[in-house]
Amino acid sequence: MFLVCLSSTYLKTDNGKSELDSLLSAIACDDKNALSKLYTLTSAAVYSFALSILRNEEDAKDVLQDTFVTVYRQASGYCPRGNPMAWILTIAKNLCLMQLRQRKKTADTPLEDLAFSLAAPEGVSTEDKLVIEGCLNRLTGEERQIVILHAVAGIKHREIAKLLDLALPTVLSKYNRALKKMRKMLN
C-alpha cells in the first residue's frame, strides 16, 4: 500500500529508537548538535501530528518549535523506558491542547496541506501525493490522526491509545476502518 512509502521505517526499528534515546541523553548534556539531529529525524512527524490536531499551519509550526524547545529543556527528565517518539509526541499533544484552549479556535486547514506536509521520501510522485490527499480527505479527524501516528511516526497502537486518550480497541477499529476506506477508494 502507498502509505508504506510515507512511514519513517527507521524510527520504527530498535536502532531508530535507541538512536533517539541516545540523542535525548546527549541533549540532556546540552549537546545542540544532538538537538539538531533529533529535529531532522522527527520534525515531519511532529508537524504532521500537530497539524492534524490544530488544523492550522501557523499554529502547527508554533507547536513544532515549542515542542523542540520543551524537549531541550526537559531532556534531563526523560527516562528511556518506552518509545522516545511517543514522549516527544506527548509533549506536542499537550502543547496543541494548550494552544486550542488559549486561542479557542479550530481553524480548518485544507487537507492537501496536511497530505503534502507528510514526510514522503524522495521519489514519491505528485500523482501519489494526490492519491494520499484524496484518501486522507475521506477519513475522519481521529482516523487521520491514528493513520498518521502509526504510518508516519511509527507509534504502536497501544501508545496511540494513550496519546489520544482512547481505548485500544477503539484505536484498532478506527485504524482498520480507515485502511478499509482507503483500500475501497483505491479499487
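Quick summary incoming for the structure in this document. All of these numbers come straight from a predicted model, not from anything done at the bench.

Basis of the calculations
- Residues numbered from 1 in each chain as written.
- Predicted model: local features only at pLDDT ≥ 70, side-chain atom pairs only at ≥ 80, totals over all residues.
- Heavy atoms only, no water.
- Helix = DSSP H or I, 4+ residues; strand = E, 2+ residues; numbered from the N terminus.
- Buried < 20%, exposed > 50% of the residue type's maximum accessible area, 1.4 Å probe, protein only.
- Contact = heavy atoms within 4.5 Å.
- Areas by Shrake-Rupley, 256 points an atom, 1.4 Å probe, with all protein chains shown as cover.
- Axes fitted to C-alpha atoms, helices over the stretch in contact; angles between N-to-C directions.
- Parallel < 35°, antiparallel > 145°, perpendicular 65-115°, else oblique.
- Left-handed = near helix turned anticlockwise from the far one by under 90°.
- Nonpolar A, V, L, I, M, F, W, Y, C, P; charged D, E, K, R; others polar.
- Core = buried A, V, L, I, M, F, W, Y, C linked by side-chain atoms within 4.5 Å.
- Polar contact = N/O pair within 3.5 Å; in protein donor to acceptor, adjacent residues only side chain to side chain.
- Salt bridge = Lys/Arg side-chain N within 4 Å of Asp/Glu carboxyl O.
- Expected span 1.5 Å × (residues − 1).
- Arc of directions from axis to C-beta.

1. What about the overall build of the chain?
Helices and strands together make up the secondary structure of the chain, namely 10 helices and zero strands. Looking at the chain as a whole, 47% of its 187 residues qualify as buried. Considering only residue pairs separated by 6 or more positions, the chain has 69% of its internal contacts joining residues 24 or more positions apart. Surface summary for the chain: the accessible area is close to 9500 Å², and the carbon and sulfur share equals 51%.

2. Focus on the packing of helix 9 (residues 157-164) against helix 10 (residues 168-186)
Running from N to C, helix 9 and helix 10 cross one another at 110°; their axes reach a closest spacing of 8 Å. Put simply, helix 9 runs roughly perpendicular to helix 10. The interaxial crossing formed by helix 9 with helix 10 has right-handed handedness. On helix 10, the residues touching His157, Arg158, Ile160 and Ala161 of helix 9 are Leu168, Val171, Leu172 and Tyr175. When its residues are assigned to classes, the contact of helix 9 with helix 10 shows six nonpolar, one polar and one charged.

3. Some thoughts on the nonpolar core
The biggest cluster of nonpolar side chains holds 51 residues, and the ones touching the most others in it are Leu38, Val46, Phe49, Met85 and Leu89. For this core, the secondary structure elements donating two or more residues are helix 2 (14-28), helix 3 (32-54), helix 4 (57-74), helix 5 (84-103), helix 7 (126-137), helix 8 (141-152), helix 9 and helix 10. For this core, the element with the highest residue contribution is helix 3, accounting for 11 residues. With residues up to four places along the chain from it excluded, the contact list for Val46 reads Leu64, Thr67, Phe68, Met85, Ile88, Leu89 and Ala92.

4. Regarding the packing of helix 3 against helix 4
Two numbers describe how helix 3 lies on helix 4: the axes approach to 8 Å, and their chain directions differ by 140°. The pairing of helix 3 with helix 4 is recorded here as oblique in orientation. Read as a crossing pair, helix 3 and helix 4 show a hand that is right-handed. Note on element contacts: helix 4 touches helix 3 through Glu57, Asp59, Ala60, Lys61, Val63, Leu64, Thr67, Phe68, Val71 and Tyr72, opposite Lys32, Leu35, Leu38, Tyr39, Thr42, Ser43, Val46, Tyr47, Ala50, Leu51 and Leu54. Split into classes, the residues belonging to the contact of helix 3 with helix 4 amount to 14 nonpolar, three polar and four charged.

5. A short note on the environment of Lys32
Within the element layout of this structure, Lys32 appears in helix 3. At 3.1 Å, the side chain of Lys32 and the side chain of Tyr72 are in polar contact.

6. Digging into the pattern of salt bridges
Inspection of every chain in the model, using the stated rule, returns seven salt bridges. The salt bridge partner of Lys32 is Asp30, with a shortest N-O separation of 3.5 Å. Using a relative accessible area of 53% as the deciding quantity, one classes Lys32 as exposed. Here Asp30 falls in the partly exposed class, since its relative accessible area comes to 46%. Within this structure, Glu143, Arg177 and Lys181 form a network of salt bridges that share partners.

7. Comments concerning helix 4
The first and last C-alpha atoms of helix 4 sit 25 Å apart over 18 residues, in line with the 26 Å expected at 1.5 Å per residue. Along helix 4, the residues classified as buried are Asp59, Ala60, Val63, Leu64, Thr67, Phe68, Thr70 and Val71. In a view along the axis of helix 4, the buried residues occupy a sector of 170°, so they form one face of it. In this structure, helix 4 carries Glu58, Gln65 and Arg73 as exposed residues pointing more than 90 degrees from its buried face. One side-chain oxygen at the N-terminal end of helix 4 lies 3.1 Å from the backbone nitrogen of Glu58; it belongs to Asn56.

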